[in-house]
Amino acid sequence: VQLVESGGGLVQPGGSLRLSCAASGSIFSIAAMGWYRQAPGKQRELVARMLDRDYTAYADTVKGRCTISRDNAKNTVYLQSQMHAVQPDDTAVHYCTARLYEVDYWGRGTQVTVSP
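Residues numbered from 1 in each chain as written. Predicted model: local features only at pLDDT ≥ 70, side-chain atom pairs only at ≥ 80, totals over all residues. Heavy atoms only, no water.

Novice: It is not clear to me how the pairing of strand β5 (residues 45–52) should be interpreted in this structure. Could you clarify?
Specialist: The side chains of a regular strand alternate, residue by residue, between the two faces of the sheet. Bridge count between strand β4 (residues 30–38) and β5: five bridges; the pairing is antiparallel. Paired with Arg 37 across the bridge in β5 is Glu 45. The hairpin formed by β4 and β5 contains six residues between the paired strands, and Gly 41 there has a positive phi angle of roughly 75 degrees. In this sheet, strand β6 (residues 55–58) lies alongside β5 in antiparallel orientation, the contact comprising four bridges. (Pairing = 2+ DSSP bridges. Helix = DSSP H or I, 4+ residues; strand = E, 2+ residues; numbered from the N terminus.)

Here you go:
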């Protein structure tokens, strides 16, 4: 499966952010999808993860201000992330991930910078 993220960039503190991930390839075997992020000098951390349409988990740092959703098209699966009230701590490279047959696949990431 191939994952391509888009939607990063510079965002003002208190503003909103929308990221998108397009998954192609063996999309019918995807068991779970999610977003992770890695800030400079820090380990990669979970932002949100969706096992199926009825179960989604969010990190405490984004809970209440982040929503992820999944849309299935014919040959592509889209995973969206919408976050509001962003803060400088949200500055990081944001990665999309998908799990198939117990193997995690990653996109290249998209840079998000929160700054005045």
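That covers the picture; the talk isn't over yet.
Novice: Help me understand the state of the cysteines, please; the structure alone is not making it clear to me.
Specialist: Working definition of a disulfide: a covalent bond connecting the sulfur atoms of two cysteines. Scanning the model with the defined rule gives one disulfide in all. Cys 96 supplies the cysteine sulfur nearest to Cys 66, a cysteine that is in no disulfide, at a spacing of 13 Å. (Disulfide = S-S within 2.5 Å.)

Novice: In this structure, what is going on with the environment of Val 86? I would like to understand it.
Specialist: With respect to the helices and strands, Val 86 occurs in the loop between β8 (76–83) and β9 (92–100). C-alpha of Val 86 to C-alpha of Asp 71: the two residues are 15 residues apart in sequence and 24 Å apart in space. Look past the residues within four positions of Val 86 in its chain and what remains in contact with it is Val 11, Gln 12, Pro 13, Gly 14, Gly 15, Leu 17, Arg 65 and Val 114. (Contact = heavy atoms within 4.5 Å.)

Novice: When you look at the side chain of Gln 80 in this model, what are you seeing that I'm missing?
Specialist: Structurally, Gln 80 is set in strand β8. Looking at Gln 80, its side chain comes within polar contact range of the side chain of Ser 20, at 3.4 Å. Not counting residues up to four positions away in its chain, the partners in contact with Gln 80 are Arg 18, Leu 19, Ser 20, Trp 35, Thr 67, Ile 68, Ser 69 and Asp 71. (Polar contact = N/O pair within 3.5 Å; in protein donor to acceptor, adjacent residues only side chain to side chain.)

Novice: When you look at the nonpolar core in this model, what are you seeing that I'm missing?
Specialist: Nonpolar side chains in soluble globular proteins tend to be buried together. Core analysis: the biggest nonpolar cluster contains 27 residues, and Leu 3, Ala 23, Ile 30, Met 33 and Trp 35 have the highest contact counts within it. Listed by contribution, the elements that provide at least two residues to this core are β3 (17–24), β4, β5, β7 (66–72), β8, β9 and β11 (110–114). Counting residues per element, this core draws most heavily on β3, at four residues. In contact with Ala 23, other than residues within four places in its own chain, are Val 1, Gln 2, Leu 3, Ile 30, Met 33, Asn 75, Thr 76 and Val 77. (Core = buried A, V, L, I, M, F, W, Y, C linked by side-chain atoms within 4.5 Å. Buried < 20%, exposed > 50% of the residue type's maximum accessible area, 1.4 Å probe, protein only.)

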